[in-house]
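Overview (structure and organization)
The residues making up each chain are set out below.
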Amino acid sequence: MYWNKTRECMQREQLKAYQLQKLKETIDLVYHNVESYRHKMQQAGIIPEDIKTLDDLKKLPFTTKQDLRDNYPNGLFATPESEIIRIHASSGTTGKPTVVGYTRRDIANWAELIARCLTMAGGKKNSVVQVAYGYGLFTGGLGFHYGTEKLGAMVIPVSGGNTKRQIMLMKDLKTTILACTPSYALHIAETIEEMGLDRNEIKLKAGIFGAEPCTENMRKEIEQKLGIKAHDIYGLSEVIGPGVACECSYQNGLHISEDFFIPEIIDPVTGETLPPGQKGELVITTIDKEALPVIRYRTRDITSLNYEPCPCGRTFARLGKIMGRTDDMLIIRGVNVFPSQIESVLMAVGETEPHYQLIVDRTDNLDSLEIRVEVSEKLFADEVRKLEDIRKKIASNIYTTLGINVNVRLVEPHTIERSEGKAKRVIDKRKL
Amino acid sequence: MFVKQISVFLENKPGRLAAACETLSKNNIDISAISIADTTQFGILRMIVDKPDEALAVMKKAGFPVSTTEVLAVEVADRPGGLNNALQILQQADVSIEYLYSFIKRNGDKALILLRVESPQKAVEVLKNAGIKMYTCEEIAEL
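In what follows, the accompanying structure is described. (Residues numbered from 1 in each chain as written. Chains lettered and ligands numbered in written order. Predicted model: local features only at pLDDT ≥ 70, side-chain atom pairs only at ≥ 80, totals over all residues. Heavy atoms only, no water.)

This part covers the layout of surface pockets. All names here are of chain A. For the second largest pocket, the calculated volume is near 420 Å³. Considering the residues around the second largest pocket, the lining is formed by 18 residues, among which Ile262, Pro263, Glu264, Thr273 and Tyr307 are closest to the centre. Here the lining of the second largest pocket gets four residues from one element, more than from any other, and that element is strand S10 (residues 261–266). Classifying every residue of the lining of the second largest pocket gives 10 nonpolar, two polar and six charged. (1 Å grid on protein atoms, 1.4 Å probe; cavity = no way out; pocket = protein on both sides within 12 Å on 5 of 7 lines; lining within 4 Å. Points joined across faces, edges and corners; volume = space filled by probe spheres on them. Helix = DSSP H or I, 4+ residues; strand = E, 2+ residues; numbered from the N terminus. Nonpolar A, V, L, I, M, F, W, Y, C, P; charged D, E, K, R; others polar.)

Moving on: helix H10 (residues 339–350) of chain A. Under the 1.5 Å per step criterion, the end-to-end length of H10(A) is 16 Å for 12 residues, consistent within 8% with the ideal 16 Å. Here the buried face of H10(A) lies against strand S17 (335–337), strand S18 (356–363), strand S19 (366–374), helix H11 (384–402) and strand S23 (426–428) of chain A. (Expected span 1.5 Å × (residues − 1). Contact = heavy atoms within 4.5 Å.)

Applying the stated criterion across every chain yields a total of 40 salt bridges over all chains. Across the pair Asp55(A) and Lys58(A) runs a salt bridge whose closest N-O atoms are separated by 3.2 Å. In this structure, Glu412(A) and Arg16(B) form a salt bridge, with 2.4 Å as the shortest nitrogen-oxygen distance. Taken together, the residues span two chains, with Glu412(A) in the loop between strand S20 (407–411) and strand S21 (418–419) and Arg16(B) in helix H1 (residues 16–26). Ionic contacts of the salt-bridge type, sharing partners, join the residues Lys22(A), Glu25(A), Arg105(A), Asp288(A) and Glu290(A) into one network. (Salt bridge = Lys/Arg side-chain N within 4 Å of Asp/Glu carboxyl O.)

Residue and element names in this part refer to chain A. For the structure shown, the criterion picks out four cavities of 30 Å³ or more. The space that makes up the largest cavity amounts to roughly 50 Å³. Every residue along the wall of the largest cavity is listed here: Leu68, Asn71, Tyr72, Pro73, Asn74, Gly75, Leu76, Phe77, Thr98, Val99 and Leu292. A class-by-class count of the residues in the lining of the largest cavity yields seven nonpolar, four polar and no charged. Reported here for the second largest cavity is a volume of approximately 40 Å³. A total of three residues in the lining of the second largest cavity trace back to one element, the largest contributor, which is strand S7 (residues 229–236). A per-class count over the lining of the second largest cavity returns three nonpolar, one polar and three charged.

Turning to the sheet that holds strand S3 (residues 128–131) of chain A, a few remarks are in order. Residue and element names in this part refer to chain A. Read from one edge to the other, the open sheet built from nine strands follows the order S4-S3-S5-S6-S7-S8-S9-S14-S13, with strand pairing classed as mixed. Looking along the sheet, the strands with just one partner apiece sit at the ends: strand S4 (154–156) and strand S13 (305–306). Taken together, the three bridges between S3 and strand S5 (residues 177–180) define a ladder with parallel strand orientation. Bridging across to S5, Val131 finds its partner in Ala179. (Pairing = 2+ DSSP bridges.)

Before going further, it helps to examine the interface of chain A and chain B. Listed by partner, the interface residues are 19 residues for chain A and 23 residues for chain B. Three residues stand out in chain A for area buried against chain B, namely Phe380(A), Asp382(A) and Glu412(A), and they jointly supply 40% of the buried area on that side. Run the count over chain A and chain B and you get three salt bridges. Of the charged contacts in the structure, one is a salt bridge between Glu377(A) and Lys60(B), with a shortest N-O distance of 3.3 Å. The interface formed by chain A and chain B contains seven residue pairs in polar contact (both at pLDDT 80 or more). Breaking the side of chain A that touches chain B down by element, the ones donating at least two residues are H11 and S20 of chain A. Taken together, the residues of the side of chain A that touches chain B break down into nine nonpolar, two polar and eight charged. (Buried area = accessible area lost by both parts, 1.4 Å probe. Polar contact = N/O pair within 3.5 Å; in protein donor to acceptor, adjacent residues only side chain to side chain.)

Dropping the structure here:
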């Protein structure tokens, strides 16, 4: 089932022509209405007329989160303030929040995107969608809300928290689709078990989970515990919010709505565009946005793009699972290393979420990586040999995954410095 | 027939052993046997104490990774060849030893050795048959 077959199953050539036309309009819009974009383009010696093919997109400078911060709160808006009908903002753990604006048309387009996602998860007019994303400045709650209404399904705007009430509503109103973060879905599943509720009393069929990374194991756990199909959704407020990309029933990558966004994968260090299939940083250009168009926005998310046809019939390219953030990326002896990859290895060995720290150093011009792992009750064994085996296993699994030799050091619990509950993951001692 | 041993993970750096002993001392726990297996990075502190359950709880509370292991407390004559006698019996029965250490106290002219073996049941059987005395937790507490 498709929400918008004409668009979602568009042939590539036709899509390319459509994208080019919309891209030209967007470049025109920002050049003439946003000081910052005009300035950057002028510095690069580009005028809107230079964009003749989709490939010319590469000529344009990138936009970063810093650009949004520098133009706080609305310096990058391309429409007069009277046209803006809504504001959202990101949490902004470092410094000021990032404010994003929407015109009436933007809100309608966003609802269209969410309606597509809901349809991918089996959503129909008679579905009951429980939105357990937070409502407010965060894009999750209201984004899903409007999309569900557009679909014509029934929305339960319960927002996050109060898990027992969530479950009561889920049971009494016969929720069929749950939208929330994967960790909250897992929490709901566990609470249902604790309450001793019969699974048959819950009519849930699918879940759309996003706003935080979800490992394949976590997805399986949610699917098994709730007896549903879990669909990964991707989005970011700077681009529009949730709904940029979503998994279809084949759950093999997230279809990105290419009639609204042009995705690129770049090498985060050199900025060069990488060929399809290669892993790198996702860069998005919006081509149908009024209030806050973004040109080559660096998402800092690491993924890859798959243009192979999908059995579902949609022609839109698929994003791979988000593998990490460029902020966390380390280059060790020329190899790109993400803490998330190390974490997966540690989880597989210890079967629990580990507390660990990566210490990078350079001696005699050679990079070294030491992984400090806190010895949990579960990992601890009375025999030296067993502990040495754990160390060797971690090191060899990391070698298999990343191709680099590491030194694993087992340390006592609570010895790794934590800042606001989150452990400080990486210490780079290299003087580069 | 087995004695409960407390094992503690310690990082190989100054002050960690003292911190572990401090925790036991504060809780008035008496150590009757102690040993450390060490590597360049970490060590495993193994102890027999008068109140093993309490020791386990307080060490856990203090944040040390800690576990209990059942070991054999074997009585040997405190003279040349005393330990060898017991080891010969185990060797003949093909029981391999993972580690051993000795008690601080003696029982008259007898020494006490703590043994961790690969096949504990078999070890108990052959030692018993050879007339070698093994201590229980209660017997150790009375020493």
